[in-house]
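Inside the fold
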Protein chains: 2
Amino acid sequence: MNKIEHLGIAVRNLREAEAVFERLLGAGPYKRETVESERVTTSFFRMGESKVELLEATDPQSVIARYLERRGEGLHHVAFAVGDIRAEMQRLKQAGFTLLSDEPRAGADNKWVCFVHPKDCNGVLVELCQDRY
Amino acid sequence: MNKIEHLGIAVRNLREAEAVFERLLGAGPYKRETVESERVTTSFFRMGESKVELLEATDPQSVIARYLERRGEGLHHVAFAVGDIRAEMQRLKQAGFTLLSDEPRAGADNKWVCFVHPKDCNGVLVELCQDRY
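Report follows, based on the coordinates.

Procedures and definitions
- Residues numbered from 1 in each chain as written.
- Chains lettered and ligands numbered in written order.
- Predicted model: local features only at pLDDT ≥ 70, side-chain atom pairs only at ≥ 80, totals over all residues.
- Heavy atoms only, no water.
- Helix = DSSP H or I, 4+ residues; strand = E, 2+ residues; numbered from the N terminus.
- Rg over C-alpha atoms; globule rule 2.2 N^0.38 Å.
- Contact = heavy atoms within 4.5 Å.
- Areas by Shrake-Rupley, 256 points an atom, 1.4 Å probe, with all protein chains shown as cover.
- Lys, Arg positive; Asp, Glu negative; His and termini not counted.
- Charge placed at Lys NZ, Arg CZ, Asp CG, Glu CD.
- Pairing = 2+ DSSP bridges.
- Axes fitted to C-alpha atoms, helices over the stretch in contact; angles between N-to-C directions.

1. Overview of the overall build of chain A
The helix and strand inventory of chain A stands at three helices and eight strands. For chain A, the N- to C-terminal ordering of α and β elements is β-α-β-β-β-α-β-α-β-β-β. The C-alpha atoms of chain A give a radius of gyration of 14 Å, which matches the 14 Å a tight globule of 133 residues would have. Each of the three principal axes of chain A carries a C-alpha extent, and together these read 40 × 30 × 25 Å. Put simply, 52% of the contacts in chain A that link residues at least 6 apart link residues at least 24 apart. In the form shown here, chain A has an accessible surface area of approximately 6100 Å², with 45% of it arising from carbon and sulfur atoms. One way to put it: in chain A the 19 positive side-chain charges average out to a point 1 Å from where the 21 negative ones average out.

2. Quick look at the sheet that holds strand β7 (residues 111-116) of chain A
Residues and elements named next belong to chain A. Ordered in space as β2-β3-β4-β1-β5-β8-β7-β6, the eight strands form an open sheet in which the pairing is mixed. The strands lining the two open edges of the sheet, one partner per strand, are β2 (31-35) and β6 (105-107). Taken pair by pair, the neighbouring strands of this sheet meet at an average axis angle of 35 degrees, ignoring direction. With six bridges joining them, β7 and strand β8 (residues 126-131) adopt antiparallel strand pairing. Residue pairing for β8: Lys111 is matched across the bridge by Asp131. Docked against the sheet, helix α1 (residues 14-25) engages β1 (3-10), β2, β3 (40-47) and β4 (50-57), running at close to 5 degrees with respect to β3. Against the sheet, helix α3 (residues 85-94) touches β7 and β8, its axis set at about 155 degrees to β8.

Below you can see the structure in the form of structure tokens.
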């Protein structure tokens, strides 16, 4: 793992949250993208070598919608950039971490992604991210 | 704001959490520091231009202890690096954000810090950080 790729923030209303984070960070989002498989619409802000990702649910049964119901808005996950996601998944599995998928999945922003169970990371939902291109 | 300075994670047991994050991130912490004014002991891991900060309460009445009671372990705050913290505090105040102190305070890792109220940032506790030296 070589940097924080992005920090994911669960929000109820993407348009309103975009305005808040534009005021906070001093610059607007560089892209908005819907990830059908995850049932979210995401909005990305650049912050140095990392990004801030806002996530709004597109379906009341999605992971983000259920998270908002349970915990409210706020910090949802941290994603770390990796060079070889399969090797990193293998390393973490051998180190005793529970992965939420057996294979990398196609995530937002042209990434292969895999999540690590928060129960193994002191309550933190950790995402691994590898560039797809 | 020019980068994610660090990501703060609230943990119950710093020593155990350090071992978890060392396995997860592939390298150990570079420093441990107690901040008496905040009643926390912190542990820092490098991650690219950012850091991961683990926080353990040193007092059951501290902010971190109360957070753990209410929400459990997990992502607690995100800190952004700023060049001039007073100017940034002024800018945010004018933009309608509520700051949790009127003056910068001495934080961990040789920083001047100020927090922004999570109610103004979609539930995210935001910290501004300026180097003290």
